[in-house]
Number of protein chains: 2
Amino acid sequence: MEKSVERYGILELTFSGPSTGNPFLEQKVTGRFTGKNETVTADGFYDGDGVYKVRFMPSFTGEYRYETDGSFDGAKTEGTFTVTPAKEGNHGPVRVVNQYHFAYEDGTPFYPVGTTCYVWNHQKVQVRKATLSTLSKGYFNKIRFCVFPKHYDYNLTDPKRFPYEGTPMDASVLTKDNFYWYSAHKEGNHFDFTRFDPLFFRQVEKSILELQALGIEADLIVMHPYDRWGFSEMTKEQDDLYWNYVIARFAAFRNLWWSLANEYDLLTKKTVADWERYADILCKKDPYRHLRSIHNCHAFYDHTRPWITHASIQRQDLYKTTEFVSDYRIRYQKPIVMDEIAYEGNINHAWGNISGPELVRRFWEAAVRGGYATHGETILNDSGLLWWSHGGDLYGESPARIWFLWEILKETPGYGLKPWSEKPFTWDDIVAVPEEDRYQGEYFLLYFGNFRPSFREYYFDEETPYRIEIIDTWDMTISDIGIQKGKIHIPLPGKEYVAIRIRKERNA
Amino acid sequence: MEKSVERYGILELTFSGPSTGNPFLEQKVTGRFTGKNETVTADGFYDGDGVYKVRFMPSFTGEYRYETDGSFDGAKTEGTFTVTPAKEGNHGPVRVVNQYHFAYEDGTPFYPVGTTCYVWNHQKVQVRKATLSTLSKGYFNKIRFCVFPKHYDYNLTDPKRFPYEGTPMDASVLTKDNFYWYSAHKEGNHFDFTRFDPLFFRQVEKSILELQALGIEADLIVMHPYDRWGFSEMTKEQDDLYWNYVIARFAAFRNLWWSLANEYDLLTKKTVADWERYADILCKKDPYRHLRSIHNCHAFYDHTRPWITHASIQRQDLYKTTEFVSDYRIRYQKPIVMDEIAYEGNINHAWGNISGPELVRRFWEAAVRGGYATHGETILNDSGLLWWSHGGDLYGESPARIWFLWEILKETPGYGLKPWSEKPFTWDDIVAVPEEDRYQGEYFLLYFGNFRPSFREYYFDEETPYRIEIIDTWDMTISDIGIQKGKIHIPLPGKEYVAIRIRKERNA
């Protein structure tokens, strides 16, 4: 029977080959996949036990053929396969549309409403199950998580497996007070940075697929500084081997986004030249051009770099965060995703102890400036788990409200919003309109945040009728107060977190 | 019987003189007051009905003599008087101490905790009484208000009296929608800008004295742009006449502060040269060197100007306000008083509709950065009055909490606080210590604002004992959790608006 694969699914070709020596370094396998509308070349990878694999994600339907080649007998194969239409819920990879926003490849708008669970994928089974169960509630459509395990406050236990063959340092010496001293520590670790553990990477793939099944994008953090095993201070050759391996294994997953690093500027041994080299490998080796970003701690990367598809930003200021989205849009001329704006929680660190209302406010401030924000939760309780790192259950007040915002965003004409400061609005209106000019004058979304007006008044013109809705972004209600024209008077509840949606009425 | 006056009180000398022609322009009277420690020269003024006055505020006790002179017979007098010690509650004028803070002339620290009632002094009797009754509760020790009447949203009625002889435009044409068009309007007004109405100015003086009786500083706004009568667009000669008159009448009041203008940058006909000229008149003619400031709308005045005693600032950003106090301290090297940071209220304008908790937070953010903030209230209700403009009653939640902050500030060693970012504190601690180095290491005040840590830990050294208090700035409680040394662990409630006070224990 001929092979068959769904559009944006994965065709995986498997080969038997040598298991002696170091196959990761010494062997190579590649595939070439040709359909009517595309020809794709992809590296394969060694998956252990003498097994090699090449993966391909087709972007079109129809008949395809493939040829493979490699460094060993049996790598040279060829054949044909059929690509069937995408099934329901499969919209393809997410792309940038109209400069500042996102859509799936099939044209469906994508409004990133993300969360953060850095190493949910490395937790034990029952925690992973709880995470997936929580995610299945549908609050989020993007999740930021890491390939490498994590060494950080509240995350001192070893992962189930390691990415490399070898043994880690003794974790029993670690305490909340001394863990900082083991950062990027190599002593006591005995890893061979040229021999991957395929089981570790299969676990990451399993996680990506589990997210895919839930309709969630995997915003995968390839490097990060929270390390006591030496993974953040490998040599240039070891880094490049890692990048090539990761790309060969993961690039064919349609719901993948590449985040080169979390807090790249804390990887003190890496230079801008290193980051640019990884980006170069990624641009050359990822045939699917997945979204690419790099995330800061203090200093922003230069997000104008051509390989960066969208700015993934951690707020620099303790007080003012997503209010800067409109500035960043001008500065970077790309989609702005504020991936770290502090988390709903109560831990000691200021990045992890803001309230639900404040986090939701930051989401809305981003939205009405034409950008996006990302959730995280760090609520200390008897569970011993912090969602931000481990996953598990959510206890906060923000997820339901973030979902509510998402529902509002889905009703935007066209693709996404942009900030607007023209008449009839004034200095104290924060207003969004559709990004695309063809919707000009039809839709306005205002957000008052911490301000509590008991009314607002606007005058567009004498003739045009507008439907006015008052949105309570915290109570999650939308009140239609009817159609007005001329001098529009909008009574408001005089409380925080209120928005107004004004839409031109077509059938009035 | 020999004349006698309290130290920092007012000796007022009265003369009969001409009432024909224009005495404001044509007549002059001055006084010279000499005691053991000072000689003061002060202009007098025409108070109508052929009466002239010269006022003097002595800064020392003991025997004084005076000589007066002038342009008419009877202005030339001389005599002696005794200055008795200041009575309880009379601490003299407020001065700048140690560069960034304030104290009364007798050395008592003064922590400005101000409010705003722009034209309370021009309201009818029962409203003025209500205002004074509210102020007598003791929430505030400084109030910002205007000499001239005010034309602005929510303030369209004419004052009881006008500063000049003449008649105003017909106020019945004004509406909430058209009032902007009458800004600095001269049409329909018939005022003689060379003839003051002494009754109007006596009303201002009465107000200053009523505040003095309550221990409240009168932060008097001499010019402002909210005008439909032409007072904001007089000629240079008329302006200078006004400034000289105001100084001659008001300078002897010990509780007076000079604010050259509110929102000086909205007085579009005035140039920096004009403001500098007024300042020059003030520096030359006010013998008591009362505090001098000038307040912005958008653009800050150059507060490094030598005549400016303290920066009186309106926040420029909608979101971040008093968090900039530490920056302004560096920029201006003077006391920072953030006199407009938005008001507790629910009116349509964003400057008048923040919550009580947010206003109190802004006060605390100022305090822990070594600066000060000012209150205002704009709560629309059946009273028809807005405290910010009319006075009357207060309905908000902030005044009691501002008072509580004031109580905390009063327990600062020395004069005032400064920001501090040294060990053992980290990037997410906002910490204040006493301004003066002699108290180094003795006192720390931390404020977490919107952050909600459930604990914090600090290590000073092994030996020194510190008393730890947890302050709930909203519930207004102080919990002494005892003395700790070495690794200090502070459990916190994990809610917003919490502060910590750490004091070195002397007797442990």
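Calculation notes
- Residues numbered from 1 in each chain as written.
- Chains lettered and ligands numbered in written order.
- Predicted model: local features only at pLDDT ≥ 70, side-chain atom pairs only at ≥ 80, totals over all residues.
- Heavy atoms only, no water.
- Domains from an automatic or database assignment.
- Contact = heavy atoms within 4.5 Å.
- Buried area = accessible area lost by both parts, 1.4 Å probe.
- Salt bridge = Lys/Arg side-chain N within 4 Å of Asp/Glu carboxyl O.
- Polar contact = N/O pair within 3.5 Å; in protein donor to acceptor, adjacent residues only side chain to side chain.
- Helix = DSSP H or I, 4+ residues; strand = E, 2+ residues; numbered from the N terminus.
- Least-squares fit on C-alpha atoms with pLDDT ≥ 70 in both.
- Phe/Tyr/Trp six-rings, centres within 6.5 Å; stacked < 30°, edge-to-face > 60°.
- Buried < 20%, exposed > 50% of the residue type's maximum accessible area, 1.4 Å probe, protein only.
- Lys NZ or Arg CZ within 6 Å of the ring centre and 35° of its normal.
- Axes fitted to C-alpha atoms, helices over the stretch in contact; angles between N-to-C directions.
- Parallel < 35°, antiparallel > 145°, perpendicular 65-115°, else oblique.
- Left-handed = near helix turned anticlockwise from the far one by under 90°.
- Nonpolar A, V, L, I, M, F, W, Y, C, P; charged D, E, K, R; others polar.

A. Layout of the domain arrangement of chain A. All names here are of chain A. The domains assigned to chain A are domain 1 (3-84), domain 2 (113-409) and domain 3 (417-504). Listed as interface residues are 20 residues of domain 1 and, on the opposing side, 17 residues of domain 2. Together, the buried faces of domain 1 and domain 2 total about 1,700 Å²; carbon and sulfur atoms form 57% of this surface. Three residues, Phe-24, Arg-55 and Met-57, lead the burial of domain 1 against domain 2; their summed loss comes to 35% of the area buried on that side. Our count for the domain 1 to domain 2 interface comes out at four salt bridges. If you look at where domain 1 meets domain 2, you find 10 residue pairs in polar contact (both at pLDDT 80 or more). Put simply, the parts of the chain that give the side of domain 1 that touches domain 2 at least two residues each are α1 (23-26), β4 (39-43), β5 (45-46) and β6 (51-56). The dominant element in the side of domain 1 that touches domain 2, judged by the number of residues it contributes, is β4, at four residues.

B. Region of the structure containing the relation of the copies chain B and chain A. By a simple turn and slide, chain B fits onto chain A: the slide is 0.0 Å along the axis, the RMSD is 0.0 Å, and the turn is 180°. Here the two chains are linked by the operation of a two-fold rotation axis. Of the C-alpha atoms belonging to chain B, the one lying closest to the rotation axis is found on Lys320(B), 3.2 Å away. Interface overlap between copies is the fraction of interface residues in one copy that are interface residues in the other; for chain B against chain A it reaches 100%, indicating a shared surface.

C. Spotlight on the packing of aromatic side chains. In total, this model carries 121 aromatic pairs over all chains according to the counting rule given. Here the aromatic rings of Phe193(B) and Phe231(B) are separated by 6.0 Å at their centres, their planes lie at 80°, and the arrangement is edge-to-face. With Phe193(B) in strand β15 (residues 190-196) and Phe231(B) in the loop between β16 (217-223) and α4 (236-250), this residue pair connects regions lying 38 residues apart in the sequence. Judged on exposure class, the residue Phe193(B) and its partner Phe231(B) are both buried. Over the face of the ring belonging to Tyr226(A) we find Lys150(A), whose NZ or CZ atom lies 5.7 Å from the ring centre.

D. Expanded view of the packing of helix α3 (residues 198-213) of chain B against α4(B). Residue and element names in this part refer to chain B. Close contact between α3 and α4 brings their axes to 11 Å; oriented N to C, the two are set at 45°. As judged from the angle between their axes, α3 and α4 are oblique. For the element pair α3 and α4, the recorded crossing hand is right-handed. Contact residues: α3 offers Pro-198, Phe-201, Arg-202, Val-204, Glu-205 and Ile-208, while α4 offers Tyr-242, Tyr-245, Val-246, Arg-249 and Phe-250. A class-by-class count of the residues in the contact of α3 with α4 yields eight nonpolar, no polar and three charged.

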